[in-house]
Amino acid sequence: MIFSFISPMFPGHQTPLSPVGPQARHIEHNLLLIFSITSIVYVIVIAVLAYGVVRNHAREGFVPHTLVEDPEIERKATWIVGAALGLTIILLLVMMVSSFYTSHSTAVLAQAQAIKIDVYGHQWWWEVEYPINEQPYRMVRTANEIHVPVGAVVTIHATSRDVIHSFWAPNIHGKKDLLPGYENDLTIQVDQPGTWRGQCAEFCGLQHAHMAFDIVAQSREDFDRWYEQQLSPAPEPASSQAIHGREVFLTHACVMCHTIRGTTAGATVGPDLTHLASRSMIAAGTLKNTRGNLAGWISNAQSIKPGVRMPPNPMPSSDLNDLLAYLETLR
Ligand code: HEC
Ligand SMILES: [Cu+2]
């Protein structure tokens, strides 16, 4: 492939020019074909235009063809315009066929046996559910981080809990809209281990720009280990600090919105926090999951992500410290 030099220019970047799955590769080929054709046509048009301008300038006393009644020139012009028109139609057809072929080849993967993942768009985060085996007690629920085995075919079953969002991980596939009351499927396959960033691609309100997610592609063994880990309820806190931290969590408004499996907190307004500490980012890619960021987020998420559906939680710093110590145990 003559364009194989492009991908290495974007190591780890969020871009369709560095595909890591078969569908993104098809989309990239289509993109490069259309880009090449339109670039060549552009260069030819500009070159002809420049030639015309320069030539007419150079000749003294030049009379434009349009003012000369010459059937010979007339016939030549008809031929040139006709040929250009024919070529345009052929090139448009080539691009159309290539686009159809791309749609077809990105869709065929869906027919294979696939792992199913449910993704729900929220203002402004992603709820992710794994209904593997369709058994409710084997259900894993997480947020903003989608783990998939490398090379496996995965069907993302997507819908929205509020407004229209759009799921887009450009290195992996094209966009798919998440519509309230309607379900859309997107089948993906990631061929390369790594973490691939995605982003909401449909304006969905104030914090649309802070609605990112990660697709983490890992080996089968690592994926299974992650899955088993996510299945387990939150561990019992050991230190007195963490025990008190859990108390703080359970006696504050947190329980109105969050779930920690293994405790009495079971609300689903916000992300499931059962394995919060296993995630690398919080607030849909807005912040790294560090103790300092968590402290700032819990105290006043509004100052970090204005308009976010989580109120400020003023509390004594000793309580906050204990709460953080507890949240850090949620591996
Ligand atoms: C009114 C509902 C509500 C309350 C009350 C609430 N939260 Fe949240 N919380 C949310 C929502 C919604 C989000 C997702 C925000 C986003 O990313 O846009 C969130 C996000 C978080 C996150 C980041 C999770 C992630 O994986 O990104 C943490 C941690 C968190 N909340 C902790 C708490 C704690 C601790 C309390 C109590 C002191 C609390 N929340 C109270 C609704 C709430
Ligand atoms: Cu959005």
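Sequence order as written defines the numbering, with residues in each chain counted from 1. As a convention, the first chain written is A and the first ligand written is 1, with the rest following in written order. Side-chain atom pairs in this predicted model are given and counted only at pLDDT of 80 or more, local residue features only at pLDDT of at least 70, and totals for whole chains, interfaces and linings cover all residues. Hydrogens and water are ignored here; the side-chain numbers use all heavy atoms of the structure.

1. Side note on the domain arrangement of the protein
Here the protein is partitioned into domain 1 (7-109), domain 2 (112-231) and domain 3 (240-327). Domain start and stop points were drawn from an automatic or database domain assignment. Averaged C-alpha coordinates put domain 1 and domain 2 at centres separated by 37 Å. Two residues qualify as a contact provided that any one of their heavy atoms is within 4.5 Å of a heavy atom in the partner residue. With 17 residues of domain 1 at the interface, the matching set in domain 2 holds 17 residues. Summing both partners gives a buried area of about 1300 Å² for domain 1 against domain 2, and 52% of it is carried by carbon and sulfur. Note: buried area is the sum, over both parts, of the accessible area (probe 1.4 Å) each one loses when the two are combined. Among the residues of domain 1 in contact with domain 2, Gln14, Val20 and Leu109 are the three that bury the most area, contributing 51% of the side total. For salt bridges, the criterion is a side-chain nitrogen of Lys or Arg within 4 Å of an Asp or Glu carboxyl oxygen. Note that Arg25 is salt-bridged to Asp191, the shortest N-O span being 3.3 Å. Any pair of nitrogen or oxygen atoms within 3.5 Å is treated as a polar contact; in protein, a donor-acceptor pairing is required on top of that, and neighbouring residues in sequence qualify only through side-chain atoms on both sides. There are nine residue pairs in polar contact (both at pLDDT 80 or more) connecting domain 1 and domain 2. Numbered from the N terminus, helices here are DSSP runs of H or I no shorter than four residues, and strands are runs of E no shorter than two. A total of five residues in the side of domain 1 that touches domain 2 trace back to one element, the largest contributor, which is helix α1 (residues 22-58). Three residue categories are used. Nonpolar comprises Ala, Val, Leu, Ile, Met, Phe, Trp, Tyr, Cys and Pro, charged comprises Asp, Glu, Lys and Arg, and polar comprises the others, including Gly. For the side of domain 1 that touches domain 2, the residue count by class is eight nonpolar, eight polar and one charged.

2. Remarks on the pairing of strand β4 (residues 145-149)
In summary, the side chains of a regular strand alternate between the two faces of the sheet. Whether a residue is buried, partly exposed or exposed follows from its accessible area with a 1.4 Å probe, protein chains only, as a fraction of its type maximum: under 20%, in between, or over 50%, in that order. With respect to burial, β4 is a largely interior element, five of its five residues being buried. Strand pairing requires that DSSP identify at least two bridges connecting the strands. Bridging between β4 and strand β10 (residues 212-218) involves five bridges; their strand directions are parallel. Bridge pairing in β10 links Val148 to Ala217.

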